[in-house]
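Each chain, letter by letter, is given below.
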Amino acid sequence: MQTNFLSQQFNAGPLAENSTACPANATICDGTSCVLPEDNFNQTLSIILSTVLTIMLALVMFSMGCNVEIKNFLGHIKRPWGIFVGFLCQFGIMPLTAFLLSLAFDVLPIQAVVVMIMGCCPGGTASNVIAYWVDGDMDLSISMTTCSTLVAMGMMPLCLFIYTKMWTDADAIVLPYNSIGLSLVALVVPVSVGVFVNHKWPSKAKIILKVGSIVGAVLIVLIAVVGGILYKGSWIITPKLWIIGTIFPAAGYTLGFFLARLAGLSWNRCRTVSLETGMQNTQLCSTIVQLSFTPEQLELMFTFPLIYSIFQLLFALLILGGYRLYRRHHVKTKTDVEKTAQKEDIKSEAKINGGFVSDEMK
């Protein structure tokens with residue numbers, strides 16, 4: 001091992017003197033500008049951070065599951081109107097928005113493809129944490145995240161085939177089905193355990209939920225900071241991608257909210273659908289990009305998932321802050337909020353299904 005290390009240092013010497021070359025251990029190079037050097041320290045750090053973040057994420061999703069009631073969750077599955085609206089937002093609004101933004105800003109074909117990949121990804125687990133803090137429907141939030149991740153197995157290839165063929169061959173994009181499957185397992189298993197704990201020990205579940213929601217908020221910020229540190233060498237990209245990375249999540253939140261309201265969902269469910277629409281699985285997007293493109297192509301697009309991740313978090317925090325201010329000036333008890341939601345849902349379902357509304361719910 002010592003001999004190999006010295007040999008690598010010796011071989012890298014001539015390259016360091018050459019102003020047009022990068023060190024031998026660089027993975028993405030543009031002259032002397034190198035991205036993600038593959039040294040042993042970075043590899044070890046990346047593995048440790050990935051392990052810690054994965055464990056933390058599992059614990060957070062376990063705590064989120066402690067806020068889910070089996071009967072309400074099954075109610076969304078049996079009457080999937082909210083899930084269907086979320087599906088239209090996730091695989092209808094987001095891919096179309098990505099396509100229109102790519103055309104409007106006239107980005108390079110390879111950059112348009114990474115924007116499309118982001119638009120076709122399923123919802124991220126961070127939306128469940130934010131949904132809790134804005135008093136969203138946690139049963140709907142988790143069922144939407146689960147269903148969108150499951151449906152992504154088929155909808156991602158379909159959407160990419162429809163929208164990217166004008167820029168590239170859809171077969172050139174490698175979809176990591178194993179990563180999608182792992183995301184699904186990492187979501188379903190801890191949530192299921194949390195649902196069981198809530199069913200058996202509801203008082204303990206409330207304590208776990210409070211702790212987990214705080215840890216989840218810290219985790220979201222931590223992921224953004226870690227990503228910025230690990231990929232700090234790849235921030236110099238075209239301003240167009242910065243602008244798209246700013247507009248895209250904001251458009252997802254806004255359009256998701258209005259479509260949910262147009263569909264007759266209650267206010268708390270509108271907030272839930274909005275967050276599920278705008279918050280994408282950026283880790284999955286990064287994986288697809290790294291598997292599908294050459295180092296030369298990655299120079300032009302590699303940082304976009306991280307840019308999107310930062311701005312989706314920033315806008316989510318603005319939504320959270322705005323909601324908290326609104327709630328402070330329009331104080332209602334939790335019971336009042338739940339009653340209002342139930343009334344609105346019953347009225348909307350009656351309107352959609354041609355039913356009636358009893359006098360006590362009017």
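Residues numbered from 1 in each chain as written. Predicted model: local features only at pLDDT ≥ 70, side-chain atom pairs only at ≥ 80, totals over all residues. Heavy atoms only, no water.

## Some remarks on the overall build of the protein chain
Working step 1: A count of helical and extended segments in the protein chain gives 15 helices and two strands.
Working step 2: By the burial criterion, 44% of the 362 residues in the protein chain qualify as buried. (Helix = DSSP H or I, 4+ residues; strand = E, 2+ residues; numbered from the N terminus. Buried < 20%, exposed > 50% of the residue type's maximum accessible area, 1.4 Å probe, protein only.)

## Observations concerning the nonpolar core
Working step 1: By size, the foremost hydrophobic cluster in this structure holds 35 residues, and its most contacted members are Val115, Met116, Ile117, Phe248, Val289, Phe293 and Phe304.
Working step 2: Ranked by the residues each element gives to this core, the list is headed by helix α5 (residues 109-120), at nine residues.
Working step 3: Counting residues in hydrophobic clusters, the runner-up holds 20 residues, among them Val129, Ala131, Leu209 and Tyr323. (Core = buried A, V, L, I, M, F, W, Y, C linked by side-chain atoms within 4.5 Å.)

## Side note on the pattern of salt bridges
Any two side chains of opposite charge can pair, on the condition that their charged atoms come close.
Working step 1: Counted according to the given criterion, the structure contains two salt bridges.
Working step 2: In this structure, arginine 327 and aspartate 135 form a salt bridge, with 2.6 Å as the shortest nitrogen-oxygen distance. You can see arginine 327 sitting in helix α14 (residues 304-329) and its partner aspartate 135 sitting in the loop between α6 (126-133) and α7 (138-164), a full 192 residues away along the chain.
Working step 3: Put simply, arginine 269 and aspartate 137 hold a salt bridge, and the shortest N to O gap is 2.9 Å. Taken together, the residues arginine 269 in helix α11 (residues 267-278) and aspartate 137 in the loop between α6 and α7 connect sequence positions 132 residues apart. (Salt bridge = Lys/Arg side-chain N within 4 Å of Asp/Glu carboxyl O.)

## Quick word on the UniProt feature "transmembrane region" (unreviewed entry) in the protein chain
Working step 1: The UniProt record annotates "transmembrane region" (unreviewed entry) at residues 45-63, 83-105, 112-134, 140-163, 175-195, 207-229, 241-260 and 306-326.
Working step 2: A helix fraction of 100% and a strand fraction of 0% characterise residues 140-163, whose end C-alpha atoms lie 29 Å from each other. (UniProt positions renumbered as here; feature names shortened; annotations may be inferred.)

## Points about the packing of aromatic side chains
Working step 1: Using the criterion set out here, one finds eight aromatic pairs in the structure.
Working step 2: Centroid distance phenylalanine 196 to tryptophan 201: 6.1 Å. Interplanar angle 85 degrees. Geometry classified as edge-to-face.
Working step 3: Overall, phenylalanine 196 belongs to the partly exposed group, its relative accessible area being 44%.
Working step 4: A relative accessible area of 43% means that tryptophan 201 is categorised as partly exposed.
Working step 5: Ring-pair connections join several aromatic residues into one group, and the members of that group are Phe257, Phe258 and Trp267.
Working step 6: Sitting over the ring of tryptophan 267, arginine 261 keeps its end group 3.9 Å from the ring centre. (Phe/Tyr/Trp six-rings, centres within 6.5 Å; stacked < 30°, edge-to-face > 60°. Lys NZ or Arg CZ within 6 Å of the ring centre and 35° of its normal.)

## As for the confidence of the model for the protein chain
Detailed reading of predicted coordinates is not advised where the pLDDT is low.
Working step 1: Here the protein chain averages 74 in pLDDT, and 67% of its residues register 70 or above.
Working step 2: Low pLDDT (under 50) marks residues 1-20, which in the prediction has six contacts with non-local residues, meaning those over four places away or in another chain.
Working step 3: Ignoring residues within four places in sequence, the model shows residues 355-362, a span with pLDDT below 50, making 11 contacts including any to other chains. (pLDDT = per-residue confidence, 0-100. Contact = heavy atoms within 4.5 Å.)

## Some points on a nonpolar patch on the surface
Working step 1: On the surface, Leu96, Leu100, Leu103 and Met166 cluster together into a nonpolar patch covering about 370 Å² of accessible area.
Working step 2: By relative accessible area, which is 39% here, leucine 96 ends up partly exposed. (Patch = residues over 30% accessible without salt bridge, like charges linked within 9 Å, V, L, I, M, F, W, Y side chains within 5 Å. Areas by Shrake-Rupley, 256 points an atom, 1.4 Å probe, with all protein chains shown as cover.)

## Things to note about α5
Working step 1: Helix length check: α5 (12 residues) gives 16 Å between terminal C-alpha atoms against 16 Å at 1.5 Å per residue, within 8%.
Working step 2: Most of α5 sits out of view: 11 of its 12 residues are buried.
Working step 3: For α5, the complete set of buried residues consists of Ile110, Gln111, Ala112, Val113, Val114, Val115, Met116, Ile117, Met118, Gly119 and Cys120. (Expected span 1.5 Å × (residues − 1).)

## A closer look at the packing of α7 against α11
Working step 1: Between α7 and α11, the shortest axis-to-axis distance is 9 Å and the interhelical angle comes to 30 degrees. The pairing of α7 with α11 is recorded here as roughly parallel in orientation. Between α7 and α11 lies a crossing whose hand is right-handed. Residue-level inspection shows Leu140, Ser141, Met144 and Thr145 of α7 in contact with α11, the latter providing Arg269, Thr272, Val273 and Glu276. (Axes fitted to C-alpha atoms, helices over the stretch in contact; angles between N-to-C directions. Parallel < 35°, antiparallel > 145°, perpendicular 65-115°, else oblique. Left-handed = near helix turned anticlockwise from the far one by under 90°.)

## Regarding the side chain of asparagine 268
Working step 1: Along the chain, the position of asparagine 268 falls in helix α11.
Working step 2: Asparagine 268 gets classed as buried once you look at its relative accessible area, which sits at 13%.
Working step 3: There is a polar contact of 2.6 Å between the side chain of asparagine 268 and the side chain of serine 266. (Polar contact = N/O pair within 3.5 Å; in protein donor to acceptor, adjacent residues only side chain to side chain.)

## Examining the packing of α5 against helix α12 (residues 282-292)
Working step 1: Running from N to C, α5 and α12 cross one another at 140 degrees; their axes reach a closest spacing of 9 Å. Between α5 and α12, the angle falls in the class oblique. The interaxial crossing formed by α5 with α12 has right-handed handedness. Across the interface between the two elements, Val114, Ile117 and Met118 from α5 touch Thr282, Cys285, Ile288 and Val289 from α12.

## Quick look at the environment of threonine 164
Working step 1: Mapped onto the elements of the fold, threonine 164 is located in helix α7.
Working step 2: Take threonine 164: its relative accessible area is 0%, and that puts it in the buried class.
Working step 3: Threonine 164 sits 55 residues away from proline 109 along the chain, and the two C-alpha atoms are 8.9 Å apart.
Working step 4: A polar atom in the side chain of threonine 164 sits 2.4 Å from the backbone oxygen of leucine 160.

## So, unusual backbone geometry
Working step 1: In the Ramachandran plot, aspartate 106 falls in the positive-phi region, its phi being about 50 degrees despite a non-glycine side chain.
Working step 2: Locating aspartate 106 in the fold gives a position in the loop between α4 (81-105) and α5.
Working step 3: In this structure aspartate 106 comes out as exposed when scored by relative accessible area, which is 60%.
Working step 4: The residue aspartate 135 is not glycine, and still its phi comes out positive at about 55 degrees.

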